[in-house]
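In case you want the letters, here they are:
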Amino acid sequence: MSASLLYLSRQDVQALAIAPGAAREAVLQAFRDHAAGLNRSLPKSVLALGPGHGFQAMAAASQADGIAALKWVSMTPAGPDSAAPSVSALLCVSDYAGGAPLAVLDGDEITLIRTAALSAAAASRMAPAAPKTIGFVGCGLQAHAHLAAFHDLYPGLATALALSRSSSSARRLADAAAGRGLAAEVIGDAGALLARSDIVISMVPGAPGLAPFLDARLMKPDAFAAAVDTGRSWIPESLPAFDRLATDSLEQSQAPYDAAGNPVATVAFGHDLIGLAASNEAPMRNGRSLFCFRGFALADLALAQLALDRARELGIGTALPR
């Protein structure tokens, strides 16, 4: 039994300065390992209490990395200008072979990094080769993580469009994009954003009375969308306009979800990141593609391993007695 646990706070995880490219490759490798039978993951367990309100547990174990991980997530509705986080998480990491607990990590920062890495990993297999304009629907912390991940993947991005129910959050994201050298614009019309963007990231939180408003039929003929919001912001009747739809794991999800949290009946996923990551075929660059995902524990495990390796290398974290 280990005599201590390594604790990594949110500030500790931020101090690790995990590079977006390293996070993206760690996620892709985790899915390749899964295809090769080197890791296992349980479907997400969800305790739903209401729109945007609930708790989730996600477990995975990797023979290749020698660890197992459990992420515990809470979700609560938040107003457009609320300073309180709507999602909070912790990660518990144990030794794969011996079972001893090894570490506890702040899950909020890990979730930001891994979610953006998932979107970017899918884009590397499904998005246009040289996108110039990226549109953000929802401009909270996750949008900033996606901005970093996609600017790393596509340094040739030239323009960022920001759409949010909070004008202040849209302005902050636009300023962040401008700081990276992109032409940044706060935009108020969802249709115009879709028509102008090569890549769209939708991150609309669940809320009572939410009505879908993104129409896939308005997107460019060759474009990529990542629905971090599981699809709730997309008009279900418009989803057949996508030429291909993919998710993180077909075992976990068969279709995007509507604003009420139910699988839509208009389309079904045809691909998942397990197959896309392991494929030796050329990326699918043409047509409209949607990557819509609920979150797969393998991605959290991959980022936990990356964080622990870097923390040990840099001597970051606090040893807690057991």
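Residues numbered from 1 in each chain as written. Predicted model: local features only at pLDDT ≥ 70, side-chain atom pairs only at ≥ 80, totals over all residues. Heavy atoms only, no water.

Enquirer: Would you mind going over the overall build of the protein with me for this structure?
Expert: From N to C terminus, the protein includes eight helices and 16 strands. A compact globule built from 322 residues should have a C-alpha radius of gyration of about 20 Å, and the protein, at 19 Å, falls within 12% of that. Principal axes of the C-alpha set define a box for the protein whose edges measure 55 × 40 × 40 Å. In the protein, buried positions account for 52% of the 322 residues. If you take every contact in the protein between residues at least 6 apart in sequence, the share linking residues at least 24 apart comes to 71%. In the form shown here, the protein has an accessible surface area of approximately 13,300 Å², with 55% of it arising from carbon and sulfur atoms. In the protein, which carries 24 positive and 27 negative side-chain charges, the distance between the mean positions of the two groups comes to 2 Å. (Helix = DSSP H or I, 4+ residues; strand = E, 2+ residues; numbered from the N terminus. Rg over C-alpha atoms; globule rule 2.2 N^0.38 Å. Buried < 20%, exposed > 50% of the residue type's maximum accessible area, 1.4 Å probe, protein only. Contact = heavy atoms within 4.5 Å. Areas by Shrake-Rupley, 256 points an atom, 1.4 Å probe, with all protein chains shown as cover. Lys, Arg positive; Asp, Glu negative; His and termini not counted. Charge placed at Lys NZ, Arg CZ, Asp CG, Glu CD.)

Enquirer: Which parts of the structure should I look at to understand the nonpolar core?
Expert: Soluble globular proteins: nonpolar side chains tend toward being buried together. In terms of nonpolar packing, the biggest core is built from 72 residues, with V27, L105, F136, F150, I201, F224 and L273 touching the most fellow members. Examining the composition of this core, we find that eleven residues originate from one element, helix α3 (residues 107-126), more than from any other. Aside from chain neighbours lying at most four places away, what touches L105 is L8, L90, L91, V93, I110, A304, A307 and L308. Counting 26 residues, the second-largest nonpolar core is a separate cluster that includes L194, A223, A227 and V267. (Core = buried A, V, L, I, M, F, W, Y, C linked by side-chain atoms within 4.5 Å.)

Enquirer: Can you help me understand the sheet that holds strand β8 (residues 133-137) in this one?
Expert: The eight strands lie next to each other as β10-β9-β8-β11-β12-β15-β13-β14, forming an open sheet whose pairing is parallel. Each edge of the sheet is formed by a strand with only one pairing partner; in this case those strands are β10 (183-186) and β14 (271-272). Sheet topology places strand β11 (residues 199-202) next to strand β12 (residues 223-227); four bridges connect them, and they run parallel. Note on β12: the bridge partner recorded for V200 is A225. Along the sheet face, helix α5 (residues 167-179) touches β8, β9 (159-163) and β10 and points at about 175° away from the line of β10. (Pairing = 2+ DSSP bridges. Axes fitted to C-alpha atoms, helices over the stretch in contact; angles between N-to-C directions.)

Enquirer: Would you explain the layout of surface pockets in this entry?
Expert: In this approach, a probe sized like a water molecule rolls over the atoms, and the result shows the empty space that is left. Here the second largest pocket is characterised by a volume of approximately 260 Å³. Counted by class, the lining of the second largest pocket contains 14 nonpolar, two polar and one charged residues. (1 Å grid on protein atoms, 1.4 Å probe; cavity = no way out; pocket = protein on both sides within 12 Å on 5 of 7 lines; lining within 4 Å. Points joined across faces, edges and corners; volume = space filled by probe spheres on them. Nonpolar A, V, L, I, M, F, W, Y, C, P; charged D, E, K, R; others polar.)

Enquirer: Where do I start with the packing of aromatic side chains in this structure?
Expert: Working definition: an aromatic ring pair is given by the centre-to-centre distance plus the angle between the planes. For the coordinates displayed, the defined rule picks out five aromatic pairs. Here F55 and W72 contribute two aromatic rings whose centre-to-centre distance is 5.7 Å and whose plane-to-plane angle is 15°, an arrangement assigned as stacked. Residue F55 is found in strand β4 (residues 53-62), and its partner W72 is found in strand β5 (residues 67-75); the two are separated by 17 residues along the sequence. Overall, F55 belongs to the partly exposed group, its relative accessible area being 27%. (Phe/Tyr/Trp six-rings, centres within 6.5 Å; stacked < 30°, edge-to-face > 60°.)

Enquirer: How should I be thinking about the pairing of β5 in this particular structure?
Expert: Every other side chain in a regular strand lies on the same face of the sheet, so the side chains alternate between the two faces. Taken together, the nine bridges between β4 and β5 define a ladder with antiparallel strand orientation. Bridge assignment links F55 to a residue of β5, and that residue is S74. Linkage of β4 to β5, two consecutive antiparallel strands, is achieved through a turn of four residues, within which G66 is found at a positive phi near 75°. With nine bridges joining them, β5 and strand β6 (residues 87-95) adopt antiparallel strand pairing. Paired with W72 across the two strands is L90, which belongs to β6.

Enquirer: I keep staring at α3 and nothing clicks. Help me out?
Expert: The periodicity of an α-helix, 3.6 residues per turn, causes residues three or four places apart in sequence to face the same way. With 20 residues, α3 ought to run about 28 Å at 1.5 Å a step, and its terminal C-alpha atoms sit 28 Å apart, in line with that. Most of α3 sits out of view: 20 of its 20 residues are buried. Backbone nitrogen of D108 and a side-chain oxygen of the N-cap are separated by 3.3 Å at the start of α3; the cap is D106. (Expected span 1.5 Å × (residues − 1). Polar contact = N/O pair within 3.5 Å; in protein donor to acceptor, adjacent residues only side chain to side chain.)

Enquirer: Help me understand the pattern of salt bridges in this model?
Expert: Charged atoms that come close allow side chains of opposite charge to pair. One pass over the structure, following the stated rule, counts eleven salt bridges. Ionic pairing is found between R10 and D106, a salt bridge with its closest N-O pair at 3.8 Å. On the criterion of sequence distance, the pair formed by R10 in helix α1 (residues 10-15) and D106 in strand β7 (residues 101-106) is long-range, its members being 96 residues apart. Note that R171 and D175 form a salt bridge whose closest N and O atoms lie 3.3 Å from each other. Within this pair, R171 and its partner D175 are both found in helix α5, separated by four residues, close to a single helical turn. The class for R171 is partly exposed, based on a relative accessible area of 38%. (Salt bridge = Lys/Arg side-chain N within 4 Å of Asp/Glu carboxyl O.)

Enquirer: Mind showing me how you'd approach the pairing of β11 here?
Expert: Because side chains alternate across β11, one face comprises the buried residues I199 and I201, and the other comprises V200 and S202, equally buried. Examined bridge by bridge, β8 and β11 share four bridges and lie parallel to one another. If you follow V137 over to β11, its bridge partner there is S202.

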